[in-house]
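Residue strings, one per chain:
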Amino acid sequence: MKWVDEILQEIKQCDQIKDLESLRLRVFGKKGLLTNEFSNLKNISDGDKKQVAKALNDAKQSIESLLTAKKSELEELVLNQKIESQKIDVSLFNSTLLPTYGHPINITFDRIIDYFVGMDFSLKYGPLVEDDFHSFEALNLPRFHPARDMQDTFYFNDGMLLRPHTSPVQIRTMEEGRLPIRIISPGAVFRRDYDMTHSPMFHQVEGLVVDKNREVNFANLKCILEDFLTYMFGDIKIRFRSSFFPFTEPSAEVDISCIFCKGLGCRVCSNTGWLEVLGCGVVDDNVFQAVGLKNVSGYAFGLGVERFAMLSYGVNDLRSFFETDLRLLEQF
Ligand code: PHE
């Protein structure tokens, strides 16, 4: 049977599983070569039958075993190709392995916290979702007070709100009633603002010092803030400008000489030579009354962390801190 050798040859050369299947049908199908031979057996004389049948069975066996071997060989080939094509290239650029020392906002937080912890301040945290009393009422901003316009606040339907400043932590700390108080409170705050220098979520650090009698005064406040700003920005001039906050009296805003033009006047400082960096003041007596503290005195201050980071690193768009752009983050 010449065709048997031809078929065996074809199977050996076959390189596709589907071709292998048509070869199998060509031999074992209903009208397959071998099927035909077997049905022809009945026409063969009894003398030769046994020998032909043996030859057919041998052919059947060798074709079958070659088919099986070839099939698993081709299946393995397909599997290997698949594994090869899906292999992970571990040498690929991996952004999670970029060397950085942290986000510029965190770095700035750390520097600020380091300073005040060194000055014996404790860390205190408050809730981001606040109530009206702690955010405004107790801070001497009664309902309908026009000063509430200063903060365009995100309100929830149930009267709760996203805190627009860290000052509620002042109230929560004083409510605990333990003196002396010497805390800073870092954290996120929220206002309805979005432009080059405002983001709906940003960060503040609040400071509060309260002690009995009249022992804490504006001179203490001025002294520590001057030292702190020199620590943050180096050789700069500092001025306290009289201002207003409902929860402090007297109040001041603090300016530093522009670190970009050294006070000569430039675009960043709007040609004034000065940059405003924080708000502060002596705690208003109405605030002490709201929390039931008597015969005490204190000072408070609040600063924007993004503003400090922008000035420290010369970043001119505040929003870029929150865009997770690696080109910015890689630089830290
Ligand atoms: N809470 C004020 C603000 O967000 C900052 C401030 C804090 C001013 C404490 C005085 C004292 O603008």
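On a predicted model such as this, the values are computed, not experimentally measured, just so you know.

Peer 1: Hey, could you run me through the pairing of strand S8 (residues 274-283) in this one?
Peer 2: Residues in a regular strand point their side chains to alternate faces of the sheet. With eight of its ten residues buried, S8 lies for the most part within the structure. Two elements, strand S7 (residues 248-257) and S8, share eight bridges in a ladder whose sense is antiparallel. Residue pairing in the sheet places Ser251 in a bridge with Gly281 of S8. Here S8 pairs with strand S9 (residues 296-304) via five bridges, running antiparallel. Bridging from a neighbouring strand, Gly279 pairs with Gly302 of S9.

Peer 1: Any chance you could explain the site of the ligand here in plain terms?
Peer 2: Looking at the ligand, there are 14 residues lining it, with His165, Ser167, Arg191, Gln204 and Glu206 nearest. At a separation of 2.9 Å, an oxygen atom of the ligand approaches a polar side-chain atom of Arg191. Separating an oxygen atom of the ligand from a side-chain N or O atom of Gln204 is a distance of 3.1 Å. Relative to its unbound accessible area of 320 Å², the ligand is 91% covered by the protein chains. Of the pockets mapped on this structure, the ligand occupies the largest pocket. When contributions to the shell around the ligand are tallied by element, the ones reaching two or more residues are strand S5 (201-212), S8 and S9. Counting residues per element, the shell around the ligand draws most heavily on S9, which supplies three residues. Per-class residue counts for the shell around the ligand are five nonpolar, seven polar and two charged.

Here is what the cut-offs are and how they apply
- Residues numbered from 1 in each chain as written.
- Predicted model: local features only at pLDDT ≥ 70, side-chain atom pairs only at ≥ 80, totals over all residues.
- Heavy atoms only, no water.
- Buried < 20%, exposed > 50% of the residue type's maximum accessible area, 1.4 Å probe, protein only.
- Helix = DSSP H or I, 4+ residues; strand = E, 2+ residues; numbered from the N terminus.
- Pairing = 2+ DSSP bridges.
- Near = heavy atom within 4 Å.
- Polar contact = N/O pair within 3.5 Å; in protein donor to acceptor, adjacent residues only side chain to side chain.
- Areas by Shrake-Rupley, 256 points an atom, 1.4 Å probe, with all protein chains shown as cover.
- 1 Å grid on protein atoms, 1.4 Å probe; cavity = no way out; pocket = protein on both sides within 12 Å on 5 of 7 lines; lining within 4 Å.
- Sits in = over half its atoms within 2 Å of the grid points.
- Nonpolar A, V, L, I, M, F, W, Y, C, P; charged D, E, K, R; others polar.

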